[in-house]
Structure formats: structure tokens, C-alpha cells
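Descriptive analysis of the structure
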Amino acid sequence: MNLGKVVGRVWCTMKDAHIDGHRLLIVQPITPELQNTGRRIICGDATSAGAGEIVYWVRGREASIALAPSEPPFDATIVGIVDEIHVKRPAETPAAPPKPNGRKRKGEAC
Amino acid sequence: MLIARVVGELVSTQKHPSHEGRKLLLVQPLNLDGSNRGDAVVALDAVDAGIGDRVLVATEGFSAMTAVGRTQSPIDMAVIGFIDLIDLLPGVS
């Protein structure tokens, strides 16, 4: 499971029938220090998360299980909204520098 | 499975019902020399680990679910043990 921040939504009309009724959110993966890391991904949502919220999400087969019984063909799903993060890193393992962000295209909304 | 260090805890009230009653830990995967490997990840706790512990983390769904005792639930990482000692052959790092 990974941390992320909800930065947008996706709508689609023509889609797999099992996806009907599920929200699709754009999630920016973040570090515990709230720095962006890696590329944004599209997640299903099992928690009614909203824009700007910090969440944690699962990937793989478990992403479908989170939305049982419809089990849509998702490979990433938000399974919790984070209220607080308590970080206490030992001195010998400082935070890794954040990876570069995903490529931005001209006119990208989020 | 990964070698990792517990570096934090998450508080979450609105979450999947299968995660209730278990601690959510932030774990930082480590290389064999103890340096950080990639970003910290979120794992459910199956052994009552705490901040600062060096632990073993299952990174696949079935093993993580089984360790936590909740099959058919959206869990893909779980802390499944404490690491006391890592013994390497000479020259391996």
C-alpha cells in the first residue's frame, strides 16, 4: 500500500460494465514527508475520498477485492483516508530524495 | 519479502472495514547495508511492531492477507516479523 494525494477526477462513459457506479480519481503518490514522488495514477475509490485528501491505496488483485461484490477491473484502489501521519525516522535512515514528478503536458489541469 | 524499518504510523478513521483493529505502519524498505531503498510504503501490522523496529514485510496479496488473518480483503503489504540478525557470506553486500 502507498500514500497518495487526490488531485483530480476522471469521467468515462464507454467502459467495462463492472465499473459502472464507481468513482475514478487521479492520485499523486507522495512520501510520508508529503513530497510528490513518481507518476500520477488513476485509482478506484472505496472510501468516498475528495479532492486534496491524503489517502492510501492498494495495487494489483487486491484493488478489485476492495470493491466487492462488483469487483471492477481496477489495478489501483483507494482503501483509506489518512487523518494523521506520525513519522520518526532514525538518524541513520534519512528520507530518500523525492523522485522527479510525472511528465507534465501543456494545459494539464492537475 | 522485504527488509524494512518502521518509520511511522498512520491514523485513518475512514477506511476499508477489513483494516479496522490493525495498526497501519509506514515502513521504509532497506538495502542489505541498511541504506534506504525507494520510498516508504504503508503496511498493516501482524506482529505488533513499533517505530524503529527492523522488520520483514510481505509484499504480495495472499501472504499479507493471511498474515493479518483477513482473507479476501484489500491488503497487499503486511509486517510479518522482526529481524534480529542478517548474516551474509563474506564479500556479499
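Since the model is a prediction, treat every value here as computed from it, not as a measurement. (Residues numbered from 1 in each chain as written. Chains lettered and ligands numbered in written order. Predicted model: local features only at pLDDT ≥ 70, side-chain atom pairs only at ≥ 80, totals over all residues.)

Summing up its helical and strand segments, chain B has one helix and five strands in all. Reading the helices (α) and strands (β) of chain B from amino to carboxyl end gives β-β-β-β-α-β. Its C-alpha atoms give chain B a radius of gyration of 14 Å, near enough to 12 Å, the size a compact globule of 93 residues would have. Overall, the C-alpha framework of chain B stretches about 45 × 25 × 20 Å when taken along its three principal axes. (Helix = DSSP H or I, 4+ residues; strand = E, 2+ residues; numbered from the N terminus. Rg over C-alpha atoms; globule rule 2.2 N^0.38 Å.)

Across its full length, chain A holds one helix and six strands. Listing every helix and strand of chain A by position from the N terminus yields β-β-β-β-α-β-β. For chain A, buried positions account for 31% of its 110 residues. Once local pairs closer than 6 in sequence are excluded, the contacts in chain A between residues at least 24 apart make up 57%. (Buried ≥ 20, exposed ≤ 12 C-beta atoms within 10 Å, placed from the backbone. Contact = placed C-beta atoms within 7 Å.)

With that out of the way, let us pick up the environment of glycine 61 of chain B. Relative to the helices and strands, glycine 61 of chain B resides in helix 1 (residues 61–68). Judged by local crowding, glycine 61 of chain B falls into the buried class, with 23 C-beta atoms found within 10 Å. Measuring from C-alpha to C-alpha, the distance between glycine 61 of chain B and isoleucine 86 of chain B comes to 25 Å, with 25 residues separating the pair along the chain. If we ignore the near neighbours within four places in the chain, the residues touching glycine 61 of chain B are Gly60, Arg61 and Glu62 of chain A together with Ile75 and Asp76 of chain B.

A word on the interface of chain B and chain A. With 31 residues of chain B in contact, the opposing surface of chain A contributes 33 residues. The set of elements that each furnish at least two residues to the side of chain B that touches chain A consists of strand 1 (2–11), strand 2 (24–29) and strand 3 (41–45) of chain B. If one sorts the elements of the side of chain B that touches chain A by residue count, strand 1 of chain B sits on top with six residues. Among the residues making up the side of chain B that touches chain A, the classes are represented as 12 nonpolar, 14 polar and five charged. Taken together, the four bridges between strand 6 (residues 84–87) of chain A and strand 1 of chain B define a ladder with antiparallel strand orientation. By the bridge assignment, valine 87 of chain A is partnered in strand 1 of chain B with glycine 8 of chain B. (Nonpolar A, V, L, I, M, F, W, Y, C, P; charged D, E, K, R; others polar. Pairing = 2+ DSSP bridges.)

It is worth spelling out unusual backbone geometry at this point. At the junction of alanine 68 of chain A and proline 69 of chain A, the peptide bond is cis and its omega measures out at 10° in the coordinates. As for its position among the elements, proline 69 of chain A is in the loop between helix 1 (61–65) and strand 5 (76–81). A positive phi angle, near 55°, is found at glutamine 72 of chain B, a position not held by glycine. Of note, glutamine 72 of chain B is situated in the loop between helix 1 and strand 5 (78–82).

All names here are of chain B. Direction of pairing for strand 3 relative to strand 5: parallel, over a ladder of two bridges. Bridging from a neighbouring strand, leucine 44 pairs with alanine 78 of strand 5. Here strand 4 (residues 54–58) runs beside strand 5; their pairing, made up of four bridges, is antiparallel. Note on strand 5: the bridge partner recorded for valine 55 is phenylalanine 82.

Residues and elements named next belong to chain A. The five strands are arranged 1-2-3-5-4 in a closed barrel whose pairing can be described as mixed. Put simply, the sheet's adjacent strands are angled 55° from each other on average, direction ignored. Sheet analysis places strand 1 (residues 2–10) next to strand 4 (residues 54–59), joined by four bridges and oriented antiparallel. Residue asparagine 2 lies in a different strand from strand 4, and its bridge partner there is tryptophan 57. (Axes fitted to C-alpha atoms, helices over the stretch in contact; angles between N-to-C directions.)

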